[in-house]
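Spelled out from the first residue to the last, the chains are:
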Amino acid sequence: MQNQEGLQADGEVDSATSAPSTQFDDWANFADNDIMQQQSSIQAEEAEKIPFEPLSSLAAEYQSGSTILLEKIKVLSEQYAAIRRTRGDGNCFFRSFMFSYLEHILETQDRAEVDRIKANVEQCRKTLQSLGYTDFTFEDFFALFLEQMESVLQGNEDSISHDELILRSRDQSVSDYVVMFFRFVTSGEIQKRSEFFEPFIMGLTNATVEQFCKSSVEPMGEESDHVHITAISDALGVPIRVVYLDRSSCDTGGVSVNHHDFIPADSDLPSASGSKTISPFITLLYRPGHYDILYPK
Amino acid sequence: MQASRARLFKEYKEVQREKLADPDIQLACDDSNIFKWTALIKGPSETPYEGGVFQLAFAVPEQYPLQPPQVRFLTKIFHPNVHFKTGEICLDILKNAWSPAWTLQSVCRAIIALMAHPEPDSPLNCDSGNLLRSGDIRGFHSMARMYTRLAAMPKKG
């Protein structure tokens, strides 16, 4: 080997080059990885604490807080009976949506809804394929979600009870896979209709649609925003109500609680064609930075 | 554990099938352990790494693909985002921006892209980062080139 152009600096680095490569066998050097592991163990600990509570517990939480919030909680308690708390790890929207949806199927045993959602899931699969995603990168997540949906339908060998649904939703090996399924579905929908979503994404970040999906939709722990909720509601054809509990107040003096209904764009819901308004069976409570599940009276 | 094994097996089959599709990457699984992989990647052209072949080691965690593989350079490389001693790589998709949509193969592609487009503002190798940040492109190139020749090219008989 010849030393030619621009190697004036070689004198001082000679010693470093002779370091044997065998010293790199030690995996303990991964400081970043240690941090990630510790973080996920803290999150696992927190996951044990997701109770189902009457709405009064929410009032207790804000006892010494803002009066606007307390009044809003009073208004809420006229319509809603209970709250189910979701772990706050950035996946709370998807996890709330998962539990709320599966619980709805478990309680209604609505087979038509299951068939409808399955057809939409197949559509999502095709969307990802046409976007160039390799099947094996997402198929395990799709399979696990479909499995959960089958198991909340009663009368099968592997049907599960409500208690079991709660246990599974707390089990990361199930729950995280379903969250990831939703993330794939959301990402696929946003990219498929990138022209529609682009202005919203431009408003949130400086990223392109594809960058946004790669950095803010697909990675676990990335929080969900309007864009995510719109996309998943459209992709699966499931309406979602989000009730906002924040300190905003209206000028007229009276306290009211805002909500927004995400109604699927190309809704194939039976009631969508008529003039009847769709009432979402999934209601989530949004407090800045976090989603929980609300139960109507 | 079972899920990660199944996924890795699919990746293994895909790698076998696509062996010739990407001549810049040779990915291989350890004979006895599907959680250990190595890759040989070619230094991208028009960079100081051109002509070099760099070895990467993958350690795949049990929670894969929900968690990223740990990847590091076994071949010494002078690059702002690679730790000079440990070979650790500073790349967002190997940390917070990871998602299961990535594969071991596409991680290799991302690392090749990182070799061609260093990010000197978040350096693991400060000497290398400082050369680029101070605008000493020539100094950076000659150092990176020297290490490519010393560590990543076959010694001529």
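Because the structure is a prediction, the values reported are computed rather than measured.

## Thoughts on helix H3 (residues 126-133) of chain B
Given 3.6 residues per turn, any residue in an α-helix points the same way as the ones three and four places further on.
Residues and elements named next belong to chain B.
Phase 1: Every buried residue belonging to H3 is among Ser128, Gly129, Leu131 and Leu132, and all of these are buried. Down the axis of H3, the buried set is contained in an arc of 160°. They therefore lie on one face. Exposed side of H3, more than 90 degrees from the buried face: Asp127 and Arg133 are the residues found there.
Phase 2: Close packing links the buried residues of H3 with helix H4 (137-151).
Phase 3: Taking the backbone nitrogen of Asp127 as reference, a side-chain oxygen 3.3 Å away marks Asn125 as the first, capping residue of H3.
Phase 4: In the segment just after H3, Gly135 is the residue with positive phi, at about 85°.

## Quick look at the UniProt feature "domain: UBC core" (unreviewed entry) in chain B
Phase 1: When the UniProt feature table is mapped onto this chain numbering, "domain: UBC core" (unreviewed entry) sits at residues 3-153 of chain B.
Phase 2: Note that residues 3-153 of chain B is 34% helix and 15% strand, and that its end C-alpha atoms are spaced 38 Å apart.

## A closer look at the side chain of Asn125 of chain B
Phase 1: Structurally, Asn125 of chain B is set in the loop between helix H2 (104-116) and H3.
Phase 2: Here Asn125 of chain B is in contact with Phe78, His79, Pro80, Val82 and Phe84 of chain B, once residues within four sequence places are set aside.

## Observations concerning the UniProt feature "active site" (unreviewed entry) in chain B
Residue and element names in this part refer to chain B.
Phase 1: The UniProt entry lists Cys90 under the feature "active site" (unreviewed entry), expressed in the numbering used here.
Phase 2: With respect to the element layout, Cys90 can be found in the loop between strand S4 (70-73) and H2.
Phase 3: With a relative accessible area of 29%, Cys90 lands in the partly exposed category.
Phase 4: Ignoring any residue separated from it by four or fewer positions in sequence, one finds Cys90 in contact with Asn81, Leu114, Ser122 and Leu124.

## Observations regarding the sheet that holds strand S2 (residues 80-84) of chain A
Residue and element names in this part refer to chain A.
Phase 1: Ordered in space as S1-S2-S6-S5-S3-S4, the 6 strands form an open sheet in which the pairing is mixed. Across the chains shown, the open sheet's two edge strands, defined by having one partner strand only, are strand S1 (52-54) and strand S4 (259-262). For this sheet the average axis-to-axis angle between neighbouring strands, irrespective of direction, equals 30°.
Phase 2: Bridge analysis of strand S3 (residues 240-244) against S4 gives 4 bridges, and the strand direction is antiparallel. From the neighbouring strand, Ile240 faces S4, where its bridge partner is Phe262.
Phase 3: Those strands touched by helix H4 (residues 67-79) are S2, S3, strand S5 (282-287) and strand S6 (290-296), and its axis lies near 105° from that of S2.

## Comments concerning the packing of aromatic side chains
Phase 1: Following the criterion strictly, the structure yields 29 aromatic pairs over all chains and no others.
Phase 2: Here Phe97 of chain A and Phe182 of chain A contribute two aromatic rings whose centre-to-centre distance is 5.1 Å and whose plane-to-plane angle is 75°, an arrangement assigned as edge-to-face. Taken as a pair, Phe97 of chain A in helix H5 (residues 92-108) and Phe182 of chain A in helix H9 (residues 172-192) lie far apart in primary sequence, 85 residues in all. Each member of the pair, Phe97 of chain A as well as Phe182 of chain A, is classed as buried.
Phase 3: Relative to Phe184 of chain A, the ring of Tyr133 of chain A lies with its centre 6.2 Å away and its plane at 85°, an arrangement referred to as edge-to-face. Of this pair, Tyr133 of chain A sits in the loop between helix H6 (111-130) and helix H7 (135-152) while Phe184 of chain A sits in helix H9, and the two are 51 residues apart along the sequence. With respect to class, Tyr133 of chain A is no different from Phe184 of chain A; both count as buried.
Phase 4: Sitting over the ring of Phe196 of chain A, Arg193 of chain A keeps its end group 4.7 Å from the ring centre.
Phase 5: When the ring centre of Phe84 of chain B is taken as reference, the NZ or CZ atom of Lys76 of chain B above it lies at 4.1 Å.

## Description of the pairing of S4 of chain B
All names here are of chain B.
Phase 1: Both faces of S4 are covered, namely the face carrying Gln70 and Arg72 and the face carrying Val71 and Phe73.
Phase 2: Strand direction decides the pairing type here: strand S3 (residues 53-59) and S4, joined by 4 bridges, are antiparallel. If you follow Ala59 over to S4, its bridge partner there is Gln70.

## Side note on the UniProt feature "active site" (unreviewed entry) in chain A
All names here are of chain A.
Phase 1: Taking the UniProt record as the reference, the feature "active site" (unreviewed entry) is found at Asp89, Cys92 and His290. Their sequence span is 202 residues, while the largest C-alpha to C-alpha distance among them is just 9.1 Å; these annotated residues converge on one region.
Phase 2: The residue Asp89 is located in the loop between S2 and H5 in this model.
Phase 3: There is a polar contact of 3.0 Å between the side chain of Asp89 and the backbone nitrogen of Asn91.
Phase 4: Tracing the backbone shows Cys92 in helix H5.
Phase 5: Looking at Cys92, the relative accessible area reads 5%, which means it is buried.
Phase 6: Not counting the four nearest positions on each side in its chain, Cys92 is found in contact with Thr86, Arg87, His290 and Tyr291.

## Some details on the sheet that holds S4 of chain B
Residues and elements named next belong to chain B.
Phase 1: Across the sheet, 4 strands lie side by side as S1-S2-S3-S4; this open sheet has antiparallel pairing. Bordering the open sheet on either side are strand S1 (25-29) and S4, each of which pairs with just one other strand. Averaged over all pairs of adjacent strands, the angle between strand axes in this sheet comes to 20°, irrespective of strand direction.
Phase 2: Contacts between helix H1 (residues 2-17) and the sheet are confined to S1 and strand S2 (36-42), with S2 contributing the most and set at about 35° to the helix.

Rules used throughout
- Residues numbered from 1 in each chain as written.
- Chains lettered and ligands numbered in written order.
- Predicted model: local features only at pLDDT ≥ 70, side-chain atom pairs only at ≥ 80, totals over all residues.
- Heavy atoms only, no water.
- Buried < 20%, exposed > 50% of the residue type's maximum accessible area, 1.4 Å probe, protein only.
- Helix = DSSP H or I, 4+ residues; strand = E, 2+ residues; numbered from the N terminus.
- Arc of directions from axis to C-beta.
- Contact = heavy atoms within 4.5 Å.
- Polar contact = N/O pair within 3.5 Å; in protein donor to acceptor, adjacent residues only side chain to side chain.
- UniProt positions renumbered as here; feature names shortened; annotations may be inferred.
- Pairing = 2+ DSSP bridges.
- Axes fitted to C-alpha atoms, helices over the stretch in contact; angles between N-to-C directions.
- Phe/Tyr/Trp six-rings, centres within 6.5 Å; stacked < 30°, edge-to-face > 60°.
- Lys NZ or Arg CZ within 6 Å of the ring centre and 35° of its normal.

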